Amino acid sequence: MKALGIDVGSLTTKVVMLDGDGSPTVRITPSGDEPQSSAREALEAVLGQPELNLDHEFCVVSTGMGGKMLPFPHQNKAVTTCLARGVHHLFPSARTAIDIGAESCNVIRVSDRGRINDWVSHDKCAAGTGVFLQKMAKVMHMPLEAMANPSLPAASGPEISSTCAVFAESEVISHVHRDPPTPKEQIIAGIYASVVSRIMILCKRLGIERDVIVVGGVALNGGFVKILEREIGFEVLVPETPQMAAALGAAVIARETLAKGAGR
Amino acid sequence: MIDATERVDKVDSIIRACSVMIRMNKASPDGRESERVYYRILSDYFTRLRNAPDEGKFVAAHTAFFPAEVLYAMGLVPMHTEVTTWMISLFTGECADLLSAGTALGLASEICTPHRGLAGAFAAGSIPRPDVMLWSNLICDNTAKSGELLMDINGCPGFFLDHPFQQSEAERRYLVGELEGMIRFLEEQSGRKMDWDRLAEVVSVMDRQIELFRDICELRKAVPSPFQTQGFLELLTIDYLFPGQPEAITYLETLRRELADRVEKGQGAVPNERFRLMSFFVPPMYLIGFLEKMSQEHGAVSVTEPFFTYWGEGRLDPGRPLESVAQKSYMIPEVRMYGPLDDRAVRSIVDCAEQYRIDGAVYYADVGCRHTCATVKLFKDILNEIDVPVLTIDCDVVDPTITSEEEMREKLEQFFELLEDR
């Protein structure tokens, strides 16, 4: 019996399969224009099937912004519910999860049972999300991977707007093109500080309880995590594959469903 | 007097929509009699308003929480400005043109949309021009400012009723003095004299009305709750439009009888009640039907609204009618949000949470309403302390561009999952 979790995000689709012993198999693919096809391909790759065949041996739980569009899941769950389960599976000591995806940012309070106690989201503006950092890397004329280098950000940087992605972009452009230009390391520090200040507003609304775990694609950005830790005041936990936390949580829920005998 | 040739498109839309609602209610096997009464008296209210110019009646427009009892006692035709805008949003499904007209007057997009839409509606001639404009600072500081603008737009005289923040004897006397000043103003403007005997009757009916509100609240404590989620909006409208009016009694008595019957039979408002909710502030009017559907789908029902349906203690004395009108303004549920928040407000939230056995609370944080949004964190902390989760939804009561149906669905479903998982 296999439990599958699938998280259809705006940029990538993540599939996690939990075997009987609980070890995960992960597949991450671009969501593309047709999330259904991407999800099907990702599932086929994880299952090693040339043609998707979800028989009674499987239970599939979907989540993410495109999760409801898929025809094959057994059930669909909110991303916050899945994140709580996923981070608890990864780090049972985690009580606060900061999830920064491509187009959203959630801060979640997690119970000692991996249940969601409360959450707050920022979904009205790209400021404070992954696509904002992508955009900034483009303006800085450097690959995002290079900008993510933890040793790159300076100790401090210029103030960059945290309320509007468009204003922030204009500000960064003016720093890049002024004479002399603001040092790159300082601009990057300013960009990260802008995202972090947005996240800290959410954290303060909810209250931060240790341990804090950072998940979502932006957690792969070491430079950003460094500035976040500086602002929070202590080290945060970052899993090896932080972008699959919600899919993992969905797989955990699928496994629970199978255990109850309610799967396919 | 109102120029009879002026356009009253939006009021006509409300009246037409009420007839449709009555027809739909009659066609439905589960249609509540109280709902039919509600739409009938709502239609009558707006018909009176529409016909006022032809009948030579004097129209007094007033903002929310204004003591309309006085207007009824003087035989004037009241027009509740905020409810009129709400109804336009609810029944026409949009009020974008009115909001745009308000913006064209120079009102910033951050300004309270019922007031911006209202200014636009008056400027566009979409609702009747009143003979006088009456406004107050009770509950809403925005109203204190917008009333003056509405008076200017309408080119009519107006009166600002200054309501004190506190409740000492001196302040109550001051409020009675303000009411006397307003009556003098209205007598001068309308040429009609205050009928004090009629005001005493209105106060007597209002006292009965408050008792019925309390009875209905008691019935909503039952598990399962007998009243549908968005039903509380009916209660609000009844209080806002028909204070001390016999038609309000007809509605409330019908509703109370129906709810008592349902409680006796153990019938809930939703087929399978799973989540009992507390609601703060007003949900988006343009999503009322959708929210009711969500309520049915998920077995989630709003059972209490501490700042809208939970009346304060006290009785009104028809022997002292004007003092009673002043007294009522200190008993309305909304007054707990007025001025500095005191222990009463905090206590009422905890009391309601316990008495109504709620599982969670939903705060409809109207982005244009500064003073209610300022309480989001405070109320959330209070409820979290007694282990009640709170969902805050940034939205607007009439402007659909702030929150879409899909966003609302996503947030509510997340919240219901949270409640289910506990």
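Predicted model only: the values in this text are computed from it and were never measured. One numbering rule holds for all chains: residues counted from 1, following each sequence as written. Labels are handed out in written order, letters beginning with A for the chains and numbers beginning with 1 for the ligands. Restriction of local features to residues with pLDDT of at least 70 applies here, the model being predicted, together with a cutoff of 80 or more for giving and counting side-chain atom pairs; totals for whole chains, interfaces and linings are based on all residues. For side-chain calculations, the full set of non-hydrogen atoms in the structure is used, while hydrogens and water are omitted.

Draft legend 1. Highlighting helix α9 (residues 196-219) of chain B. All names here are of chain B. The end-to-end C-alpha separation of α9 is 35 Å, in line with the 34 Å expected for 24 residues at 1.5 Å each. Relative accessible area decides the class of each residue, using a 1.4 Å probe on protein chains only: under 20% of the type maximum gives buried, over 50% gives exposed, and in between gives partly exposed. Labels follow the DSSP assignment, with helices taken as runs of H or I lasting at least four residues and strands as runs of E lasting at least two, numbered in each case from the N terminus. Looking only at α9, the buried set comprises Leu 199, Val 202, Val 203, Met 206, Asp 207, Gln 209, Ile 210, Leu 212, Phe 213, Ile 216, Cys 217 and Leu 219. Here, two residues are considered to be in contact whenever any of their heavy atoms come within 4.5 Å of each other. Here the buried face of α9 lies against α3 (69-73), α10 (232-241), α11 (246-265) and α13 (321-329). Whenever two N or O atoms come within 3.5 Å, that pair is a polar contact, provided that in protein one can donate a hydrogen and the other can accept it, and provided that, for residues adjacent in sequence, both atoms are side-chain atoms. Its side-chain oxygen 3.2 Å from the backbone nitrogen of Asp 197, Asp 195 forms the N-cap of α9. Expected helix span is given by 1.5 Å per residue-to-residue step, counting one fewer step than there are residues.

Draft legend 2. Spatial organisation of the side chain of Asp99(A). Residue and element names in this part refer to chain A. Within the secondary structure layout, Asp 99 lies in strand β6 (residues 96-100). Within the buried set, Asp 99 has no salt-bridge partner at all; the shortest N-O distance to an opposite charge, 7.8 Å, is to Lys 14. Beyond its immediate chain neighbours, meaning those up to four positions away, Asp 99 contacts Leu 83, Ser 104, Cys 105, Asn 106, Val 215 and Gly 216. Only four residue types enter the tally: Lys and Arg on the positive side, Asp and Glu on the negative side, with His and both chain ends excluded. The salt bridge definition used is simple: a Lys or Arg side-chain nitrogen within 4 Å of an Asp or Glu carboxyl oxygen.

Draft legend 3. Region of the structure containing the domain arrangement of chain A. All names here are of chain A. Each assigned domain of chain A is listed here: domain 1 (1-91 + 242-264) and domain 2 (94-238). Domain boundaries shown here were taken from an automatic or database domain assignment. Look at where the C-alpha atoms of domain 1 and domain 2 centre, and you get two points 27 Å apart. Facing the 15 residues of domain 1 at the interface are 26 residues of domain 2. Simply put, the buried area is the total loss of 1.4 Å probe accessible area from both parts when two parts are fitted together. Summing both partners gives a buried area of about 1600 Å² for domain 1 against domain 2, and 73% of it is carried by carbon and sulfur. Summed over the three residues of domain 1 that lose the most area to domain 2, namely Thr 80, Phe 91 and Pro 242, the buried surface amounts to 35% of that side. Scanning the region where domain 1 abuts domain 2 turns up zero salt bridges.

Draft legend 4. Geometry of the interface of chain B and chain A. Contacts between the two partners involve 18 residues from chain B and, on the opposite side, 19 residues from chain A. Summing the contributions of chain B and of chain A, the shared interface buries around 1500 Å²; its carbon and sulfur component is 40%. Considering only the side of chain B, the residues that lose the most area to chain A are Gln414(B), Glu417(B) and Asp421(B), jointly responsible for 41% of the buried surface there. Between Asp421(B) and Arg85(A) there is a salt bridge, and its shortest N-O distance comes to 2.8 Å.

Draft legend 5. Representation of the sheet that holds strand β7 (residues 105-110) of chain A. All names here are of chain A. Only strands that DSSP links by at least two bridges are regarded as paired with each other. On the basis of which strands lie adjacent, the open sheet formed by four strands has the order β8-β7-β6-β9 and mixed pairing. At either margin of the open sheet sits one strand with a lone partner, and together these are β8 (116-122) and β9 (212-215). Taken over all neighbouring pairs, the strand axes of this sheet differ in orientation by 15° on average, direction set aside. Here β6 pairs with β7 via five bridges, running antiparallel. In this analysis, axes come from line fits to C-alpha atoms, helices being fitted only over the stretch in contact, and the angle between any two N-to-C directions falls in the range 0 to 180 degrees.

Draft legend 6. Structural view of the pattern of salt bridges. This structure, assessed with the given rule, holds 34 salt bridges over all chains. With a closest N to O distance of 3.0 Å, Asp118(A) and Lys380(B) form a salt bridge. Here Asp118(A), found in strand β8, pairs with Lys380(B), found in helix α16 (residues 376-385), and the two come from separate chains. When sorted by exposure, Asp118(A) lands in the same class as Lys380(B), which is buried. Among the ionic contacts, a cluster of salt bridges with common partners joins Lys68(A), Lys293(B), Glu297(B), Arg409(B) and Glu413(B).

Draft legend 7. Representation of helix α7 (residues 222-232) of chain A within the structure. Residues and elements named next belong to chain A. Within the span of α7, buried status applies to Gly 223, Phe 224, Val 225, Ile 227, Leu 228 and Ile 232. Those residues of α7 hidden inside the fold are in contact with β6, α6 (184-206) and β9. The backbone nitrogen of Gly 223 lies 3.1 Å from a side-chain oxygen of the residue at the head of α7, namely Asn 221. Phi turns positive one or two residues past the end of α7, at Gly 233, with a value near 100°.

Draft legend 8. A look at the sheet that holds strand β7 (residues 360-366) of chain B. Residues and elements named next belong to chain B. Sheet architecture is open: four strands sit in the order β6-β5-β7-β8, paired in parallel fashion. Edge positions in the sheet fall to β6 (300-304) and β8 (390-395), since each has one partner strand and no second. For this sheet, the mean angle separating the axes of adjacent strands, direction not counted, is 35°. Pairing of strand β5 (residues 275-280) with β6 involves four bridges; the strand directions are parallel. In the strand pairing of β6, Arg 276 is matched with Val 301.

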